[in-house]
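Chain by chain, the residues:
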Amino acid sequence: MALVVQKYGGTSVGTVQKIKNVAKRVAKSREAGNDVVVVISAMAGETDRLINMAKQISEMPDDREMDLLLSSGERVSSALLAIALKAGGYPARAFTGRQAGFITNGVHTKARIKKIEAQKIHEALREGEIVVVAGFQGIDELSHDVTTLGRGGSDTTAVALAAALKADVCEIYTDVEGVYTADPRIVPHAKKLDLICFEEMMEMASAGAKVLQVRSVEIGMKYGIPIHVRSTFTEKEGTMVVPFSQEMEAVVVSGVTHDKNQAKITVMGVPDRPGVAKALFMPIADAAINVDMIIQNVSQDGLTDISFTIARTDLPKAIEVAKGVMSALGAKGFTTNADIAKVSIVGVGMRSHPGVASKMFETLANEGINILMISTSEIKVSCIIESKYTELAVRALHDAFVKQGEESEESQ
Ligand code: ASP
Ligand code: MG
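All values derive from a computational prediction rather than experimental measurement.

Looking now at helix 2 (residues 46-57). The end-to-end C-alpha distance of helix 2 is 17 Å, a good match for the 16 Å that 12 residues give at a rise of 1.5 Å each. Listed as buried for helix 2 are Glu 46, Thr 47, Leu 50, Ile 51 and Ala 54. Down the axis, helix 2 shows its buried residues gathered within 140° of arc, on one side only.

See the structure below:
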């Protein structure tokens, strides 16, 4: 008997009818002889609806209360799924994050899982029940306040649970058939990948592919949990996220991703002396704001500019922090730009193929797209561009790297 963890995203449980359909799909896996643990997202649009309500009351609602508010979405859908399973004659039990044993740190709205005390889940499984867990939430180990794991956090709930329970596979059910070479809404001929390695998936997720939360891929890689990303609405095999194997290096670029949730802050006229970057970025980190790219210009007359990018959703918080450190930094002031996007190309093959970055710059230049910032890793090149060029850039890069990659493979 295998132990399967299945996660269903918001669009898979968006209506009562869809929840009934998910119950059938879960029951089928049960009938096939598996132990089944299901992690569920809030019904489609619910998390946004809750956020909007809070924003109508306060521009910067308190994070602790936001977590309590947002965790309700997953409670509703998990209870409804357990009710649907029971109505179909399948013993089932729904758990909140806390009941399932998810202990996290205290960083509200972006908490990290510290441990999972899964006794109750084991108990329910031993009693032959299907376990349903509300995704995206836990409790702070110290205060016992409800925490959430950040947008898309149910993926992380699922993979972490699969690791804790030593599950055979973690299936992520969503509204697309797997991981694509680019967003099919922008590139209609984008292809579904059958296989992708953890490293690539991690870069793609952090570069904006929304199909999996980055943290979930990190955990999958660390604990060797194969992740199967597939559609709730078909029986087709999706994309398997697996450990790296040598053949994967033949493909230079596996995917093109984009991220519009980006904003740039430029701090101007900063004195060029030791401790300045620390004085700026320590308070940013203390506010739990993730910084992505950083550029410091060559100084002139002892003064320099520092630009950095963050998630656009963190911009109001970052502006508060920046205002607070301006005088301590002795800076002239700062500007912000929220009309930017990040486009990236990702592939383990880059390690062994030179000239990839320059070809990316050439491709963007040919479309008349100006590059505002650049960052690279061993297997990724990212460029910040004006947001309005995102679609054009993604199409051009897909044509230049992915399409051509296929043709040259065929002609070999
Ligand atoms: N409901 C949360 C969100 O929309 C978590 C999730 O769906 O994974 O981000
Ligand atoms: Mg998701």
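Our focus in this paragraph is the packing of helix 7 (residues 198-206) against helix 8 (residues 214-223). Packing of helix 7 against helix 8 brings their axes to within 8 Å, and their N-to-C directions diverge by 165°. Relative to helix 8, the element helix 7 lies roughly antiparallel. Crossing handedness for the pair helix 7 and helix 8: left-handed. Every residue of helix 8 that contacts helix 7 at Phe 198, Glu 199, Met 201, Met 202, Ala 205 and Ser 206 is listed here: Val 214, Val 217, Glu 218, Gly 220 and Met 221. Partitioned by chemical class, the residues of the contact of helix 7 with helix 8 number 7 nonpolar, 2 polar and 2 charged.

One open sheet holds the 6 strands; their spatial order is 14-15-13-16-18-17, and the pairing between them is antiparallel. One side of each edge strand has no neighbouring strand; the edge strands of this open sheet are strand 14 (291-296) and strand 17 (373-377). Neighbour-to-neighbour, the strand axes of this sheet turn through a mean angle of 25°, independent of strand direction. Of the strand pairs in this sheet, strand 13 (residues 255-271) and strand 16 (residues 333-346) are connected by 11 bridges, and their pairing is antiparallel. Looking at strand 16, one finds that Val 267 is bridged to Phe 334.

By the bridge criterion, 7 bridges tie strand 16 to strand 18 (residues 380-386) in an arrangement that is antiparallel. Paired with Lys 342 across the bridge in strand 18 is Ile 384.

This next bit is on the confidence of the model for the protein chain. Put simply, the protein chain has an average pLDDT of 95, and 98% of its residues get 70 or more. Between residues 407-412, whose pLDDT stays under 50, and residues either more than four places distant or in other chains, the model counts 1 contact.

Here we take up helix 9 (residues 276-286). Taken together, the buried positions of helix 9 are Val 276, Leu 280, Phe 281 and Ile 284. Taken down its axis, helix 9 places every buried residue within 90° of arc, on the same side. Exposed residues lying more than 90 degrees from the buried face of helix 9 are Lys 278 and Asp 286. After helix 9 finishes, the residue Ala 288 shows a positive phi value of roughly 60°.

With respect to the element layout, Gly 255 can be found in strand 13. Between the C-alpha atom of Gly 255 and that of His 398, which follows or precedes it by 143 residues, the distance is 7.6 Å. With near-sequence residues (within four places) excluded, Gly 255 lies in contact with Thr 181, Met 204, Ser 344, Ile 345 and Val 346.

Parameters and conventions
Residues numbered from 1 in each chain as written. Chains lettered and ligands numbered in written order. Predicted model: local features only at pLDDT ≥ 70, side-chain atom pairs only at ≥ 80, totals over all residues. Heavy atoms only, no water. Helix = DSSP H or I, 4+ residues; strand = E, 2+ residues; numbered from the N terminus. Expected span 1.5 Å × (residues − 1). Buried < 20%, exposed > 50% of the residue type's maximum accessible area, 1.4 Å probe, protein only. Arc of directions from axis to C-beta. Axes fitted to C-alpha atoms, helices over the stretch in contact; angles between N-to-C directions. Parallel < 35°, antiparallel > 145°, perpendicular 65-115°, else oblique. Left-handed = near helix turned anticlockwise from the far one by under 90°. Contact = heavy atoms within 4.5 Å. Nonpolar A, V, L, I, M, F, W, Y, C, P; charged D, E, K, R; others polar. Pairing = 2+ DSSP bridges. pLDDT = per-residue confidence, 0-100.

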